Structure formats: C-alpha cells, structure tokens
Amino acid sequence: MTKPNEPATPSTIWGGRFASGPAAVMQEINASIGFDKRLYRQDIAGSKAHCAMLAASGIITEADANAITSGLDAVLAEIEAGTFPFRVALEDIHMNVEARLKELIGEPAGRLHTARSRNDQVATDFRLWVRDALDSADLGLAALQRALVGQAEAHAGTVMPGFTHLQTAQPVTFGHHMLAYVEMFGRDRSRLKDARARMNECPLGAAALAGTSFPIDRFATAEALGFAAPTRNSLDSVSDRDFALEAMSALAIAGVHLSRIAEELVIWTSAPFAFVRLPDSFSTGSSIMPQKRNPDAAELCRAKAGRLISDLNALLIVMKGLPLAYSKDMQDDKEPTFEAFDTFALCIAAMTGMISELTVDAARCKAAAGQAFSTATDLADWLVRVLGMPFREAHHVTGAVVKAAETRGCDLVDLPLAEMQAIEPRITDAVYAVLTVESSAASRVSYGGTAPDNVRRQCAEARTRFGL
C-alpha cells in the first residue's frame, strides 16, 4: 500500500505524460468514485448511446459496438448485484466502468472513448442524474399536495384563527390554510419543471471543450438519451453547472415552504394551541419527561431547509470564479447536489406522512378563532355595507366597539346592543349575524377566499390543475 505522500505508480488513465504517479494524498483528493458511483446508470446509458452513434456513423465497427454494448450490460449487472470492483486508483465512475469493460471484452473497450472526453461524459451523466432526480422530486411534491388537499376536503368548514404577525387576525378555515400550501408547492413543481425543460440538452460530443474532428451525430445521441436537442456550444457544454444550480435553487425555495409548514405544525401541536395532533409514528418522547409528545419530524424538516440552502450556496461558490472551460473544481458539484436531493426526498416523505395522518381538534380551532375580536373586520364591513359608512370611519367606529368589548371582558358577539348604539346609534341587532366565526368565514366568498364552499371548489380544481 502506498504510504502518505509517497509517489504511486503512473496512472493507467493519463500516465503516459508522467514519469511517476500521484502522491497518495493527491490520489485521495483527486478521486471522486466514493460519491460519483451514483452516476453508474447514467454513465452506462450515455456510453451505450455514444457507442451506437459511433457505429451508425461508421467510426467503429458493428462487431466492436456489439461487444461494447454486451460488456456494458455485464458491468451494469455487476454493479446492481453489488459485485463490481470499484477502485479508487481509477478516480471516477467513468474510468471504473471503462477499465472493467476492458477486462471483460478486451481491445474493443478502448474504442468506446473515441470522440468524447470525460468532460462531456460527466456533464451528460450529471444532467441525466439531475433530470431523473427532478422527476422524483416532482412526484414527491405531488404526493404532498394530495395529502394537503385531502385534509382541505375533510376540513373545508373547520373554522380556525387566521394570523398576521402570529396574532389572531380573522377567522379562516383549516381547509383554506391547507390549500395555501398546495399553491406554494404547486409553484415549486412549476420551478422544477422549468428547470428540467431548460437543462434538457445533451452535452455529449462536445468532447474536452472544442468538439471533435470525428463525423459524429450529436442529434442521434441526444435523441437516444431523451434530450430535446444537443447543446449548441462546446465550451458552454462542459463548463457550466447552472442546470444543477437552478434545480437546487428550486429545492431550496421548496425547502423554505416545507420549513414554514413544519413551524406551524410545531406551534399547532403545542399545548397552548393544541389545534392538531401528530400520530405516534411521527412523534417522539422525552428521556426524562414521560408525558412529552415531541414533533421531532417537523422540527427536523424545519432544520433541513438550512441544508438545502447551504448546498445551493456551496455550489454557487464553487462556480463563481471559474474561467472557461472545465476546471477540476467542478468535481465538487456532485456532493452538494446529491445531498440536496437526498435531503429533500427525506423531508417530503416525512411531511407527507405527517400531513396525511394528523388529526384536527375542530372545537379547539373554533374556540381560538373567536378570540382577540377576530370578527372586527366583519363589523366594519357591515357598517360600510348596511349603513353606507366610509370604510375609514367604519374602521374608527369598530375600534371603539372593540375597546368597549375589551373593557367589559367579552367578545364582540356578546357585547350588548345598547353599548354598540352608544358609539353608533344606527347599529341594529342585525349586526350579530356577522359576528360569529362561522358567518365570518362563510362570508369570504371572493375568488380565492376562505368560504367553505370556495374551499370545496378549490380542492376539486386543485386536483385537476395539479394532476392529483
């Protein structure tokens, strides 16, 4: 075994130029096989498409192409069976696959790398991986949306307090609140789809940076790999990772949305609120306090949003000062990207489970909805609608009525009519019809409002619009 800082033998990949091999620490920092082996499916798919194109273009023989394709299938089978001999000395997934291919089929393996470089190879593999990961992320978000719509349908008429500044503002329905997140995650899905469409161009054939002198058909390889077209500039093809940055940006924004609903679950499950209860399967206990039910899954989703943001930031920093074309810095693009998608998948699964299985205490929500004079705006609107009062004057009168109720220590609906008339003589007992939390919520019939009938229609529309 090579000792630290002791030169190794020349590399079989690029050693023809060098008299001695890399130091052990150089070999360690240079190798990426520990993490980029995740690209094996994409790498083999890209190699098979490249091989087929080389044969179709007359660059290699059909016999060599057949041998290469069969050998790549054998390599894929070994990796999936867990018997593949990954070697750090071969640096990355590309050379590990190629070296094993040579062991299996001999000389034809050496022709596979004709008219390509590891630069365009990894750019293609990575795009394929991110594209697959975006599809998986979209499926996860759709599942979370379905869970949210399910709760919205079940609680279209369940009244709860709506908050601004975390202070009780106006009554809303629990279903309406759930649908707010359906919209947020819908925009997140749209961003993922936009990112996928923009990145769906194939770098294969750009070679190291300048293209190739071989008569390759880049449109054929792009089509074989499901890309819309080949990339248009060979320098750009191998030198940017904005497709990963855009995807991670979308994940980070979605992570913020996950963190916000996680925060609400933490608040709503606390004893002072007790609006909802998480199932045992998504709660934990305390090592010292036997009564505790901690919303740890929600708290961890809240925390992991920071991981998504930091992974994006890490790759932004890697890319920010690189001249064209490829630099080895870009080997550090994969770990933060892999971690971001792994973290996101875990959080989405946990949040979907929590939302699907939570139970709502409707009575508790209704009682809280009536606190802090939450129907004050309904009183002001009644003054405008029934008495023809300008809203600013109605706002002032309502403030005085709220102060009177606060002094008496009662809710608006319980304040005697005489005390209201002492402030505004034209108020009649008809006003009480708008001062309950149910009537308040039911009155919000404007498009996108919280009225239960609106919520039911919006649930049906969301299922259609988002394919749920």
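Residues numbered from 1 in each chain as written. Predicted model: local features only at pLDDT ≥ 70, side-chain atom pairs only at ≥ 80, totals over all residues. Heavy atoms only, no water.

## Re the overall build of the protein
Piece 1. Looking only at helices and strands, the protein has 18 helices and 6 strands in total.
Piece 2. Relative to the globule expectation of 23 Å for 468 residues, the C-alpha radius of gyration of the protein, 31 Å, shows a markedly less compact shape.
Piece 3. A total of 468 residues make up the protein; the buried ones form 49% of that total.
Piece 4. A fraction of 72% describes how many contacts in the protein between residues 6 or more apart in sequence connect residues 24 or more apart.
Piece 5. Summing over all exposed atoms, the protein offers an accessible surface of approximately 21,700 Å²; the carbon and sulfur share of this is 55%. (Helix = DSSP H or I, 4+ residues; strand = E, 2+ residues; numbered from the N terminus. Rg over C-alpha atoms; globule rule 2.2 N^0.38 Å. Buried < 20%, exposed > 50% of the residue type's maximum accessible area, 1.4 Å probe, protein only. Contact = heavy atoms within 4.5 Å. Areas by Shrake-Rupley, 256 points an atom, 1.4 Å probe, with all protein chains shown as cover.)

## Section: the pattern of salt bridges
Piece 1. In this structure the tally under the stated criterion is 29 salt bridges.
Piece 2. The salt bridge involving R189 is made with D138; its shortest N-O contact spans 2.8 Å. Placement of R189 in helix 7 (residues 174-199) and of D138 in helix 6 (residues 118-154) is noted, with a sequence separation of 51 residues between them. For the pair shown, R189 and D138 are each scored as buried.
Piece 3. Members of the salt-bridge network, linked through shared partners, are E78, R87, R100 and E103. (Salt bridge = Lys/Arg side-chain N within 4 Å of Asp/Glu carboxyl O.)

## Brief notes about the environment of R463
Piece 1. Along the chain, R463 turns up in helix 18 (residues 452-465).
Piece 2. Apart from residues no more than four positions distant in its own chain, R463 is found in contact with R146, V149, G150, E153 and L468.

## A short note on the confidence of the model for the protein
Piece 1. Model confidence for the protein is summarised by a mean pLDDT of 93, while 95% of its residues fall at 70 or above.
Piece 2. This model gives residues 1-10 a pLDDT under 50, and the stretch forms 25 contacts once residues within four places in sequence are excluded. (pLDDT = per-residue confidence, 0-100.)

## Remarks on the packing of helix 3 (residues 40-56) against helix 4 (residues 62-81)
Piece 1. Here helix 3 crosses helix 4 at 175°, and the two axes come no closer than 9 Å. Between helix 3 and helix 4, the angle is such that the two are roughly antiparallel. Residue-level inspection shows Y40, R41, I44, S47, K48, C51 and A55 of helix 3 in contact with helix 4, the latter providing E62, A65, I68, T69, L72, D73, V75, L76, I79 and E80.
Piece 2. The residue makeup of the contact of helix 3 with helix 4, split by class, is 10 nonpolar, 2 polar and 5 charged. (Axes fitted to C-alpha atoms, helices over the stretch in contact; angles between N-to-C directions. Parallel < 35°, antiparallel > 145°, perpendicular 65-115°, else oblique. Nonpolar A, V, L, I, M, F, W, Y, C, P; charged D, E, K, R; others polar.)

## Considerations on helix 3
Piece 1. Between the first and last C-alpha of helix 3 there are 24 Å, a value that for 17 residues agrees with the 24 Å anticipated at 1.5 Å per step.
Piece 2. Within helix 3, 12 of the 17 residues are buried, leaving the element largely enclosed by the surrounding structure.
Piece 3. All of the buried residues in helix 3 are Y40, Q42, D43, I44, G46, S47, A49, H50, C51, M53, L54 and A55.
Piece 4. Buried residues along helix 3 sit against helix 2 (33-36), helix 4, helix 5 (93-105), helix 6 and helix 8 (218-224).
Piece 5. In the segment just after helix 3, G58 is the residue with positive phi, at about 75°. (Expected span 1.5 Å × (residues − 1).)

## Notes on the packing of aromatic side chains
What describes a pair of aromatic rings is the distance from one ring centre to the other and the angle between the planes of the rings.
Piece 1. Scanning all chains against the criterion turns up 9 aromatic pairs.
Piece 2. Measuring from centroid to centroid gives 5.6 Å for W129 and F341, while their planes differ by 80°, and the two rings are edge-to-face. Of this pair, W129 sits in helix 6 while F341 sits in helix 12 (residues 334-357); the two residues are 212 residues apart in sequence, bridging distant segments of the chain.
Piece 3. Each residue in the set F126, W129, F243, F338 and F341 is aromatic and connected to the rest through ring pairs, giving one cluster.
Piece 4. Sitting over the ring of F86, K37 keeps its end group 5.4 Å from the ring centre.
Piece 5. A cation over a ring is seen here: R131 above F227, with NZ or CZ 4.7 Å from the ring centre. (Phe/Tyr/Trp six-rings, centres within 6.5 Å; stacked < 30°, edge-to-face > 60°. Lys NZ or Arg CZ within 6 Å of the ring centre and 35° of its normal.)

## Some remarks on the pairing of strand 1 (residues 159-164)
Piece 1. Examined bridge by bridge, strand 1 and strand 2 (residues 167-173) share 6 bridges and lie antiparallel to one another. The residue bridging P161 from the neighbouring strand is P171, located in strand 2. (Pairing = 2+ DSSP bridges.)

## Looking at the side chain of T124
Piece 1. Considering the arrangement of structural elements, one finds T124 in helix 6.
Piece 2. Residue T124 is classed as buried on the basis of its relative accessible area, which comes to 1%.

## Quick word on unusual backbone geometry
Piece 1. A cis amide bond links L324 to the next residue, A325, at an omega of 5°.
Piece 2. Residue placement: A325 occurs in the loop between helix 11 (296-319) and helix 12.
Piece 3. The phi torsion at L166 lies on the positive side, around 60°, for a residue other than glycine.
Piece 4. In this fold, L166 is placed in the loop between strand 1 and strand 2.
Piece 5. One non-glycine residue, A372, lies in positive phi territory at about 60°.
Piece 6. With respect to the secondary-structure elements, A372 resides in the loop between helix 13 (362-369) and helix 14 (376-387).

## Quick notes on the packing of helix 3 against helix 6
Each packed pair of helices is defined by two parameters, the angle between the axes and the distance between the axes.
Piece 1. As a packed pair, helix 3 and helix 6 sit with axes 9 Å apart at the nearest point and diverge in direction by 125°. Judged by the angle between their axes, helix 3 and helix 6 are oblique. For the pair helix 3 and helix 6, the crossing hand works out as right-handed. For the pair helix 3 and helix 6, the contacting residues are Q42, D43 and S47 in the first and Q121, D125, L128, W129 and D132 in the second.
Piece 2. Residues that form the contact of helix 3 with helix 6 fall into these classes: 2 nonpolar, 3 polar and 3 charged. (Left-handed = near helix turned anticlockwise from the far one by under 90°.)

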